[in-house]
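Take a look at the letters that make up each chain.
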Amino acid sequence: MSLTPSPAPDMTGFIALSSVLTGIAATTLLPSFPTNDVHQQILDAAWADDPDALTELLAAFTAATQRFPNDPAMVLRTLLVSGDSPIALMAKSIILAWYSGAWYATAGLYPAKTRSARVLSAIAYEQGYMWKVAQAHAMGSADYPFGYWNGQPPSLQDYTGQETIQGGQGQ
Amino acid sequence: MRLWLLASVALSGFGLSMSASAQTPVPPDPYAVKVTCNANGPAADAALSPLMPCDLTFEGSNPTPVQIQQSFDTFSWQSFVALNWPADGTTVIGQGKGAGGDAPATWSGWADALAVMMTPTPPAWGASAPPPEACAALGAGPVLSMVGKTPDLLTAATQPFDTGPLIDQNGAYVRYQILINKPMYDFIIANKLNTKAGQAAYKPTFIPPNATKPMMTFPGGQQDGPVTPAKPVATAPGYEGAVMIKLAWKIMGPGDDPATFHTVTALVYTQGATPAQDTCLKQTVGLVGMHIGNKVRRFPQWVWSTFEQVHNVPQAQDVGTLKPADKFNFYRVGCDAATCPVNQPPPRPWNPAVQPFPNHYASQITRVIALAQSYKDMNAKWQAPLAGTVWADYMLIGTQWPTQQDNKSSPTGFPFPVFLANTTLETYIQGTVPQSSSSCIACHNNAVDTAGTPSDFTYILERAVH
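Please read these numbers as outputs of a predicted model, since none were measured by experiment.

What counts as what
Positions within a chain are numbered from 1, following the residues in the order the chain's sequence is written. To label them, take the chains in the order written and letter them from A, then take the ligands in the order written and number them from 1. This being a predicted model, a pLDDT of at least 70 is required before a residue's local features are given, and a value of 80 or more before pairs of side-chain atoms are given or counted; all residues contribute to the totals for chains, interfaces and linings. Residues with at least 20 other C-beta atoms within 10 Å of their own are called buried, those with 12 or fewer are called exposed, and the rest are partly exposed. The C-beta atoms themselves are positioned from the backbone. By definition, any uninterrupted DSSP run of H or I lasting at least four residues is a helix, any uninterrupted run of E lasting at least two residues is a strand, and each is numbered from the N terminus. It is the directions from the helix axis to the C-beta atoms whose arc is reported. Contact between two residues is assigned when their C-beta atoms, built from the backbone, lie within 7 Å. In this classification, Asp, Glu, Lys and Arg are treated as charged, Ala, Val, Leu, Ile, Met, Phe, Trp, Tyr, Cys and Pro as nonpolar, and every other residue, Gly included, as polar. Scored from 0 to 100, pLDDT records how confident the predictor is in each individual residue. To estimate the expected span of a helix, subtract one from its residue number and multiply by 1.5 Å. Pairs of strands are assigned from DSSP output, requiring at least two bridges between the strands.

### Let's talk about helix α7 (residues 373-383) of chain B
All names here are of chain B.
Consideration 1: When we look at burial in α7, the residues that qualify are M378, N379 and W382. For α7, the buried positions fall inside an angular range of 100° around the axis, keeping them on one side. In α7, those exposed residues whose orientation departs by more than 90 degrees from the buried face are Q373, D377 and A380.
Consideration 2: Packed against the buried residues of α7 are α2 (65-83) and β11 (394-402).

Structural data, given as structure tokens:
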């Protein structure tokens, strides 16, 4: 942990990083007019867990983006190449947070013997992308009209904001 | 507010076309009515006008989130003024002959949703349905049904979810009324959606931008530009879409100042266990709550505005600072929580034939979500030109709208604010609990007709009985 806390990262960079990590469009993760603060909850959790690792991860992301412009898969591989490094563990926790709505403590991710997680909030759980990439929804929180279960769900692109899920090839 | 600050990113991803007049003209909905639209934006003065807005008017090409919300709230106040404009077409709002300049409002000629859906032959537009037999000898007037007792017939006139009646300080039950405008009426009648058979046969053909298959779609308002700058309001040609209003009324009684309410003389009808036990009283009732659901073409989820009489309730956070002289329609200052449990439905039985409510009971209601300063400012702006009239005693509680109106994966379009409640209409479901607290769009998204077909955010169609 830092003895002298540095300023928390700005949201724009964190969303750009999160987009590459999750394969979800940045404008989907953080719309122009957000109606919840899940993005802030995840950033706060990451910062509280290991600010040094988060800072290093964001710096590594910036460098990788410059080295591999327009190639998010290579950026992702660069960030996750060392599966047990602090920045790789931080990246994995961020991915897990966006998908599950829970924060998995980085210290418990590897080796996975002391894994601990806490659900960030009801809305974070409900808005988790694990539901959306399954073209589904959290139990009890569907916002589709009556009878939706009798038809095809919207396309995967409608949920992710991406034509295809990018990245995900590292590790 | 934190969300506002976080939202101060560029609005390039925002799904709205900020200038309605800049849009490529599209053919209007067949049942929309050609009108002259109020095209003032939030930067304009609060100009009183009988013209309804047909669409949202935003400031500039890249408004801030605060400006966007102000546009919706301006839309709400413009709608409120236009709908409550005197029906005679000549009198200016607030200059009628009644107390506080009151006069019959424009919507008084609208169709009663229950009459449209529950009578074998719905009344023609502009005509009234025959009153219940118990009211027949009392002359003309809107019929206000009772709450709770006969849910099969009257649930559409109660609060959402039938969570319980609201009892005023005189022990009288609050009454409710749902009215629809001509585009909505015409759509229902032309498509035979006032009958079960018509609903079963109806086949929607239009795929809204937030859906993946054809859905029932009421006519939406739109503004076709160009905007003509003028005082007091800029105008534009356009179309009025479906509008439905839900009204909450209190019986005017001791302690009520008629100069602070819009009032009407109504036939207050209470159904008994048998027709012989039905009662009907001709009474003066005062408006305490008003929902406006306005279908705007580019917002498939509708735009939802809600207003209240300013003396309804205190804010929960202000209860400790109230003075003994403070008076409210639905809160008694100084009554302890044991005697007057806050925001709780009345004890059963709920029998509107027994009034006043037994044991001197009155609802003890507070506003759970405090009114933001931006709303206080917006209300002050619009109340100023209405000063001295009954309409200055009403305030906007909020405007809920879809922030991502074309989002197919979330057809409710991420409404903002997430929660919105009127203390006279969603009294007991105020708050911020997901899936439980009041949200106009989230709730009305579940609406279906009697055939189980989603009914475009209105519960009216499920009231069909023939």
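Structure shown, so let's carry the discussion forward.
### What to know about unusual backbone geometry
Consideration 1: With an omega dihedral of -5°, the bond running from G225 of chain B to P226 of chain B counts as a cis peptide bond.
Consideration 2: Relative to the helices and strands, P226 of chain B is located in the loop between β5 (222-223) and β6 (235-240).
Consideration 3: The omega torsion of the bond from Q355 of chain B to P356 of chain B falls at 0°, within 30 degrees of zero and hence cis.
Consideration 4: Tracing the sequence through the fold places P356 of chain B in the loop between β10 (299-309) and α7.
Consideration 5: Unlike most non-glycine residues, Q135 of chain A shows phi in positive territory, near 55°.
Consideration 6: Locating Q135 of chain A in the fold gives a position in the loop between α8 (129-133) and α9 (156-160).
Consideration 7: With 15 C-beta atoms packed within 10 Å, Q135 of chain A lands in the partly exposed category.
Consideration 8: Non-glycine residue K192 of chain B carries a positive phi angle of around 55°.
Consideration 9: Mapped onto the elements of the fold, K192 of chain B is located in the loop between α5 (182-190) and α6 (196-201).

### Brief notes about the interface of chain A and chain B
Consideration 1: Contacts between chain A and chain B engage 25 residues on the former and 33 residues on the latter.
Consideration 2: At the level of secondary structure, the elements contributing two or more residues to the side of chain A that touches chain B comprise α7 (122-126) and α9 of chain A.
Consideration 3: Here the side of chain A that touches chain B gets 3 residues from one element, more than from any other, and that element is α7 of chain A.
Consideration 4: Broken down by class, the residue content of the side of chain A that touches chain B amounts to 11 nonpolar, 9 polar and 5 charged.

### Section: the confidence of the model for chain A
Consideration 1: Summarising the model, chain A shows a mean pLDDT of 89, and 91% of its residues fall at 70 or more.
Consideration 2: Every residue in residues 166-171 of chain A scores below 50 in pLDDT, and together they form 18 contacts with partners more than four places removed in sequence or on other chains.

### Here's the deal with helix α4 (residues 51-67) of chain A
Residue and element names in this part refer to chain A.
Consideration 1: Taking 1.5 Å as the rise per residue, α4 with 17 residues should run 24 Å; its terminal C-alpha atoms sit 24 Å apart, in good agreement.
Consideration 2: Inspection of α4 places A53, L54, L57, F61 and A64 among the buried residues, and these make up the whole buried set. Projected down its long axis, α4 shows its buried positions confined to an angular sector of 95°, all on one face.
Consideration 3: Those residues of α4 hidden inside the fold are in contact with α1 (11-22), α3 (38-49), α5 (72-80) and α6 (86-100).

### Some remarks on the pairing of strand β4 (residues 175-180) of chain B
Residue and element names in this part refer to chain B.
Consideration 1: With 6 of 6 residues buried, β4 lies mostly within the body of the structure.
Consideration 2: In this structure, strand β2 (residues 111-112) lies alongside β4, joined through 2 bridges in antiparallel fashion. Following the sheet pairing, A111 is matched in β4 by I180.
Consideration 3: Two strands pair when backbone bridges link them, and β4 and strand β7 (residues 243-251) are joined in this way by 6 bridges, in the antiparallel orientation. Bridging from a neighbouring strand, Q177 pairs with L247 of β7.

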